[in-house]
Amino acid sequence: HTDFVLTPISEILENGINACQSIGDGIETQPLRDYICASLFIQMTGAQEQKLKCIAWEIATHDYEFRRNFLSDKNKEYSTYEDKNQLYKVLLKLRKNPTKEKSARADHKLLDDANSKRNIEKVHKKIVLLFEHTHFRSWLERNFLGFQKEKPTVSSHMYTLIVYNHRNRLAHNTISYQRDLPKLDTLVSEDYNEQNYFYRFFYLVLIDAIFTELYLEYIQQVETY
């Protein structure tokens with residue numbers, strides 16, 4: 001569990017970038033663009049959901065009260081922001097007291113706390129550097145330049161619009177039979193320019209960095225007891 005949780009989710013992106021080095025970036029490769037981006041995105045969302053499940057199981061190993069609550073909720077997949085935020089609040093409290101789960105303060109939110117704000121600039125720079133000299137920039141240059149120029153406005157609402165909704169479209173293959181996506185009101189919305197893969201990758205890597213930091217602190221404290 002620990003090795004998997006502490007492995008950066010950005011390695012999936014690095015593997016995808018490396019796999020594309022043997023092909024060109026001409027117009028004939030455009031059909032590969034959406035297929036490769038969607039594949040990497042689904043791998044990352046799946047890995048993140050499994051990571052959070054592993055963290056929850058690790059907590060359940062040491063905290064019996066958490067185990068009771070965790071096992072009683074059999075529908076939790078950790079794909080929604082609400083599920084992620086709930087586990088974040090638990091980790092935040094257990095970091096201070098790893099032997100007993102306490103009720104987290106209502107004002108603690110995964111993407112609003114200072115913890116995430118400290119990581120925004122770092123993760124934004126990391127995504128830019130990862131893709132700067134790759135086929136992905138050539139394939140999606142307008143999206144890349146927009147992402148490079150302006151740091152994302154991080155919020156739970158934007159996570160749902162940018163990441164979660166697209167995750168569901170791909171996971172349930174609705175794109176194959178819903179030809180009216182995206183809808184017209186989406187196309188004219190102010191945040192439509194952020195609904196692309198660079199912002200999606202950014203959110204996933206940011207959330208991964210937050211949970212990795214908290215989980216590392218948690219297991220270090222557990223080992224001292």
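Rules and cut-offs
Residues numbered from 1 in each chain as written. Predicted model: local features only at pLDDT ≥ 70, side-chain atom pairs only at ≥ 80, totals over all residues. Heavy atoms only, no water. Helix = DSSP H or I, 4+ residues; strand = E, 2+ residues; numbered from the N terminus. Buried < 20%, exposed > 50% of the residue type's maximum accessible area, 1.4 Å probe, protein only. Contact = heavy atoms within 4.5 Å. Salt bridge = Lys/Arg side-chain N within 4 Å of Asp/Glu carboxyl O. 1 Å grid on protein atoms, 1.4 Å probe; cavity = no way out; pocket = protein on both sides within 12 Å on 5 of 7 lines; lining within 4 Å. Points joined across faces, edges and corners; volume = space filled by probe spheres on them. Nonpolar A, V, L, I, M, F, W, Y, C, P; charged D, E, K, R; others polar. pLDDT = per-residue confidence, 0-100. Axes fitted to C-alpha atoms, helices over the stretch in contact; angles between N-to-C directions. Parallel < 35°, antiparallel > 145°, perpendicular 65-115°, else oblique. Left-handed = near helix turned anticlockwise from the far one by under 90°.

What follows deals with the environment of Lys76. Summarising the element assignment, Lys76 is placed in the loop between α4 (64-72) and α5 (81-94). The class of Lys76 is buried, set by a relative accessible area of 14%. Linking Lys76 and Glu49, residues 27 residues apart in sequence, is a C-alpha distance of 9.8 Å. Residue contacts for Lys76: discarding those within four places in its chain leaves Lys53, Asp83 and Gln86.

For the structure shown, the criterion picks out 5 salt bridges. Between Asp34 and Arg33 there is a salt bridge; the shortest N-O distance is 3.2 Å. Overall, Arg33 belongs to the partly exposed group, its relative accessible area being 22%. Its salt-bridge partner being Glu65, residue Arg68 comes within 2.7 Å of it at the nearest N-O pair. Separated by 3 residues within a single helix, Arg68 and Glu65 lie in helix α4, roughly one turn from each other.

In this section: unusual backbone geometry. Although it is not a glycine, Tyr78 sits at a positive phi angle of roughly 60°. Mapping Tyr78 onto the fold places it in the loop between α4 and α5.

Another aspect to go through is empty space enclosed by the protein. Enumeration over the complete set of coordinates arrives at 2 cavities of 30 Å³ or more. What lines the largest cavity is Thr45, Gln48, Glu49, Ser79, Lys84, Tyr159, Val163, Tyr164, Arg167 and Leu204. For the lining of the largest cavity, the elements supplying multiple residues, two or more each, are α3 (30-62) and α9 (156-171). Split by residue class, the lining of the largest cavity holds 4 nonpolar, 3 polar and 3 charged. Approximately 40 Å³ is the volume attributed to the second largest cavity.

Right, let's get into the layout of surface pockets. Considered as a void within the structure, the second largest pocket measures approximately 210 Å³ in volume. Taken together, 13 residues line the second largest pocket, and the ones lying closest to its centre are Lys122, Val123, Lys126, Val205 and Ala209. If you list the elements that add at least two residues to the lining of the second largest pocket, you get α6 (114-131) and α11 (197-224). Counting residues per element, the lining of the second largest pocket draws most heavily on α11, which supplies 5 residues. Within the lining of the second largest pocket, the residues separate by chemical class into 6 nonpolar, 3 polar and 4 charged.

This part is about the environment of Ile207. If you trace the backbone, Ile207 turns up in helix α11. Note on Ile207: relative accessible area 0%, which makes it buried. For the pair formed by Ile207 and Ile120, sequence separation is 87 residues and the distance between their alpha carbons is 9.9 Å.

When pLDDT is averaged across the protein chain, the result is 85; 84% of the residues are at 70 or more. No element of the protein chain has a lower mean pLDDT than helix α10 (residues 184-187), at 64, and none a higher one than helix α2 (residues 10-19), at 96. Low pLDDT, under 50, characterises residues 100-104; the stretch is placed with 13 contacts to residues that sit more than four places away or in other chains.

Each pair of packed helices can be summarised by the angle the axes make with each other and by the distance between the axes. One can describe the packing of α2 onto α3 by two numbers: an axis separation of 9 Å at closest approach and a directional angle of 160°. Taken together, the axes of α2 and α3 are roughly antiparallel relative to one another. Viewed along their axes, α2 and α3 form a crossing whose handedness is right-handed. In this structure, α2 uses Ile12, Leu13 and Gly16 to contact α3, whose residues at the interface are Leu40, Gln43, Met44 and Ala47. Across the contact of α2 with α3, the residue classes break down as 5 nonpolar, 2 polar and no charged.

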